[in-house]
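The residues making up each chain are set out below.
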Amino acid sequence: LAAVGVSVSYAHLSADNKAVLDLSGVNVEAGSVCVNAGRENDPNSARAEALAVSNNVGGVTGAVNAAIADNNSSNIARILGDNAAQPNLRAGSVLVQAVGDATAEASVAGMSIGNASIAASVAVAVLRGTQEASVQGGNITADSISAKSQLNSGKDCSSKAALLTGSGALASVKANVA
């Protein structure tokens, strides 16, 4: 009449979203040039979510629960180029922008019911991605040039760990870390 459970959930997101204009060895003339890795009304989205669920019922119950969400995504807008003697990009306006939403969410939901209950739970959410808008070379002539990087604009949180655990027992021991 013993119940033992182990529940592990691991979500690892490794994704690259890149918008690159390489000016090496070319000439570009335009009214405007935009290099977009996501836009304000259409951001690049990268989400890692892990959920571990366990329920144990018995005379003696034991549970170990873990949820890990790891978001290692990148969202990059970039202009590259050589050091040309003459301008290799001529434009009225140049915009380089990276707009993205990146989140990591880890949750554990568990319940143990018995005469004696021992449970340990851990939830870890890590957001370690890259968000970048840059100009790294090229000989550029423009009336205006802008580089803008925006991550999780208007969001309350980007990384969240939650534990929803409980036990019903005559004797209970719990260890929870989020």
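Residues numbered from 1 in each chain as written. Predicted model: local features only at pLDDT ≥ 70, side-chain atom pairs only at ≥ 80, totals over all residues. Heavy atoms only, no water.

Visitor: How should I be thinking about the pairing of strand E7 (residues 89–127) in this particular structure?
Guide: Strand residues, when the strand is regular, have side chains that alternate between the two faces of the sheet. In terms of strand pairing, strand E3 (residues 28–37) meets E7 through nine bridges, oriented parallel. By the bridge assignment, Cys34 is partnered in E7 with Leu95. One ladder, built from 14 bridges, connects strand E4 (residues 44–57) with E7; its direction is parallel. By the bridge assignment for E7, Asn55 is matched with Met111. Pairing of strand E5 (residues 60–71) with E7 involves twelve bridges; the strand directions are parallel. Looking across to E7, one finds that Gly62 is bridged to Ile118. Inspection of the sheet shows E7 paired to strand E9 (residues 140–151) by eleven bridges, in the parallel sense. In the sheet register, Gly100 faces E9, and the bridge partner there is Leu151. (Pairing = 2+ DSSP bridges. Helix = DSSP H or I, 4+ residues; strand = E, 2+ residues; numbered from the N terminus.)

Visitor: Sorry, what's going on with the nonpolar core here?
Guide: Taken as a class, soluble globular proteins show a tendency for nonpolar side chains to be buried jointly. The biggest cluster of nonpolar side chains holds 13 residues, and the ones touching the most others in it are Val35, Ala77, Ile79, Leu89, Val94 and Val96. At the level of elements, E3, strand E6 (74–80) and E7 are the ones that each hand at least two residues to this core. Residues within four places of Val94 in sequence aside, it is in contact with Val33, Ile79, Leu89, Ile140, Ala142, Ser144, Ile145 and Ser146. Ranked by size, the runner-up nonpolar core spans eleven residues in total, among them Ala67, Ala106, Ala123 and Ala125. (Core = buried A, V, L, I, M, F, W, Y, C linked by side-chain atoms within 4.5 Å. Buried < 20%, exposed > 50% of the residue type's maximum accessible area, 1.4 Å probe, protein only. Contact = heavy atoms within 4.5 Å.)

Visitor: I keep staring at the side chain of Ser7 and nothing clicks. Help me out?
Guide: Position of Ser7 among the secondary structure elements: in strand E1 (residues 2–13). Residue classification places Ser7 among the buried positions, given a relative accessible area of 10%.

Visitor: I would appreciate a short explanation of a nonpolar patch on the surface in the present structure.
Guide: Nonpolar side chains collect at one region of the surface, where Tyr10, Ile68, Val124 and Val126 lie side by side and expose about 310 Å² of accessible area between them. Note on placement: Ile68 falls in strand E5. (Patch = residues over 30% accessible without salt bridge, like charges linked within 9 Å, V, L, I, M, F, W, Y side chains within 5 Å. Areas by Shrake-Rupley, 256 points an atom, 1.4 Å probe, with all protein chains shown as cover. Salt bridge = Lys/Arg side-chain N within 4 Å of Asp/Glu carboxyl O.)

Visitor: In this structure, what is going on with the side chain of Gln131? I would like to understand it.
Guide: With respect to the helices, strands and loops of the structure, Gln131 is situated in strand E8 (residues 130–136). Among the polar contacts listed, one links the side chain of Gln131 to the side chain of Asn75, at a separation of 3.4 Å. A polar contact is formed between the side chain of Gln131 and the backbone oxygen of Gln150, at a distance of 3.1 Å. (Polar contact = N/O pair within 3.5 Å; in protein donor to acceptor, adjacent residues only side chain to side chain.)

Visitor: What am I meant to see in the sheet that holds E6 here?
Guide: The strands that make up a sheet are held in pairs by hydrogen bonds between backbone atoms, and each pair lies either parallel or antiparallel. Judged by pairing direction, the sheet is parallel, and its three strands sit side by side in the order E2-E6-E8 without closing on themselves. Of all strands in the sheet, those bounded by a partner on one side alone are strand E2 (16–22) and E8. Neighbouring strand axes in the sheet, compared pairwise and without regard to direction, differ in orientation by 5° on average. (Axes fitted to C-alpha atoms, helices over the stretch in contact; angles between N-to-C directions.)

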